[in-house]
Amino acid sequence: MANELLKGKRGIIFGALNEMSIAWKVAEQAHKQGAKFVLTNAPIAMRMGEINKLAEATNSQIIPADATSEEDLENLILKAQEILGGKIDFILHSIGMSPNVRKKKHYTDLNYKWYQTSLDVSAISLHKTLSIAMKHDAISEWGSVVALTYIAAQRIFPDYSDMADAKSLLESITRSFGYHYGLKNKVRINTISQSPTVTTAGSGVEGFDKFINYSEKMSPLGNAGAVDCANYCVSLFSDLTKYVTMQNLFHDGGFSSTGVTTEVMDKF
Ligand SMILES: NC(=O)c1ccc[n+]([C@@H]2O[C@H](COP(=O)([O-])OP(=O)(O)OC[C@H]3O[C@@H](n4cnc5c(N)ncnc54)[C@H](O)[C@@H]3O)[C@@H](O)[C@H]2O)c1
């Protein structure tokens, strides 16, 4: 499926850690559709060197940036334009991390320093990226920014802990910045609310194995996979979705609209 939907477009893709990462699949699909982009991730996440394989396969360069550091983000925004030869047409924010989830702190007894880290890495990093991009007028007219989120922003999923709060904030930043950037330069900003997906971040949530099966049975189409999520991202980066902005878009096989299914009922 190479339709050159992104031909001539320049992008920044955050969050490709390994082959399982949703961002990895987005890079592969965007490459197939003719996009040029730079890859970025936290310097610490690059120690394994996995990302080099993706850079080679997609003919792209890597710019390390800790998404909580304004200095790193400014360097990223400026360097990406230099490397790609112009303004940025699309950005994928595919970043999530909670020390409380990692260290199994219960939601009712959070470590507040870690809580701030969860919000900073997983949500405020989007605000920082957009704010710096706006200051440098780095995103083209009709540019498109997509961040990945999860339905725990709207409903309680107990083991998702403080990541739920981070995702709520991420979705709110998407609406608020989407308003301001839309007015200023017709830049559109959306979140995609993805099904549970086997990745490093996803599998870090307690009980993920059982949960992904439950979600599969609760979704009329089944769980949406990473490659399909990548294709949805491509459609939002393309000119075919120009008037979609400030939305939280469910890419979940119908999970979000399903109360119960017979398959789940039969278990009782
Ligand atoms: N996997 C799922 O079930 C699922 C479901 C819905 C939404 N999401 C979201 O999708 C996004 C991508 O996650 P994934 O599932 O592909 O897992 P992943 O672990 O492959 O990706 C998470 C990425 O965040 C990066 N990151 C962490 N701290 C960072 C920092 N300080 N600076 C820059 N990058 C940093 C990691 O290095 C990693 O590349 C996340 O926002 C996640 O919450 C995942």
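Here is a short report on the structure shown in this document. Computed from a prediction, not measured in an experiment: that's the story for all the values here.

**Quick look at the packing of helix α1 (residues 22-32) against helix α9 (residues 226-237)**
Part 1: Running from N to C, α1 and α9 cross one another at 55°; their axes reach a closest spacing of 8 Å. Considering their axes alone, α1 and α9 lie oblique with respect to each other. The two elements α1 and α9 cross, and the hand of that crossing is right-handed. Residues Ile-22, Lys-25, Val-26, Glu-28, Gln-29 and Ala-30 of α1 form the contact with α9, whose participating residues are Ala-226, Val-227, Cys-229, Ala-230, Asn-231, Cys-233, Val-234 and Phe-237.
Part 2: Considering only residue class, the contact of α1 with α9 consists of 10 nonpolar, 2 polar and 2 charged.

**Side note on the site of the ligand**
Part 1: The ligand sits among 26 residues. The nearest are Ser-21, Ala-45, Gly-96, Ala-201 and Gly-202.
Part 2: The element contributing the most residues to the shell around the ligand is helix α7 (residues 200-203), with 3 residues.

**Things to note about the packing of helix α5 (residues 112-135) against helix α6 (residues 162-185)**
Part 1: Running from N to C, α5 and α6 point in directions that differ by 10°, and their axes come no closer than 8 Å. Considered as vectors, α5 and α6 are oriented roughly parallel to each other. Along its contact with α5, which presents Tyr-115, Ser-118, Leu-119, Ser-122, Ala-123, Leu-126, His-127, Leu-130 and Met-134, the element α6 presents Asp-162, Met-163, Asp-165, Ala-166, Leu-169, Leu-170, Ile-173, Phe-177, Tyr-181 and Lys-184.
Part 2: In terms of residue class, the contact of α5 with α6 is built from 13 nonpolar, 3 polar and 3 charged.

**Structural notes on the sheet that holds strand β5 (residues 139-149)**
Part 1: If you walk across this open sheet you meet the 7 strands as β3-β2-β1-β4-β5-β6-β7, and the pairing is parallel. Since the sheet does not close on itself, it has two edges, and those belong to β3 (61-62) and β7 (248-251), each with one partner.
Part 2: The sheet contact formed by strand β2 (residues 36-40) and β3 spans 2 bridges and is parallel. What sits directly across from Val-38, in β3, is Gln-61.

Here is what the cut-offs are and how they apply
Residues numbered from 1 in each chain as written. Predicted model: local features only at pLDDT ≥ 70, side-chain atom pairs only at ≥ 80, totals over all residues. Axes fitted to C-alpha atoms, helices over the stretch in contact; angles between N-to-C directions. Helix = DSSP H or I, 4+ residues; strand = E, 2+ residues; numbered from the N terminus. Parallel < 35°, antiparallel > 145°, perpendicular 65-115°, else oblique. Left-handed = near helix turned anticlockwise from the far one by under 90°. Contact = placed C-beta atoms within 7 Å. Nonpolar A, V, L, I, M, F, W, Y, C, P; charged D, E, K, R; others polar. Near = placed C-beta within 6 Å. Pairing = 2+ DSSP bridges.

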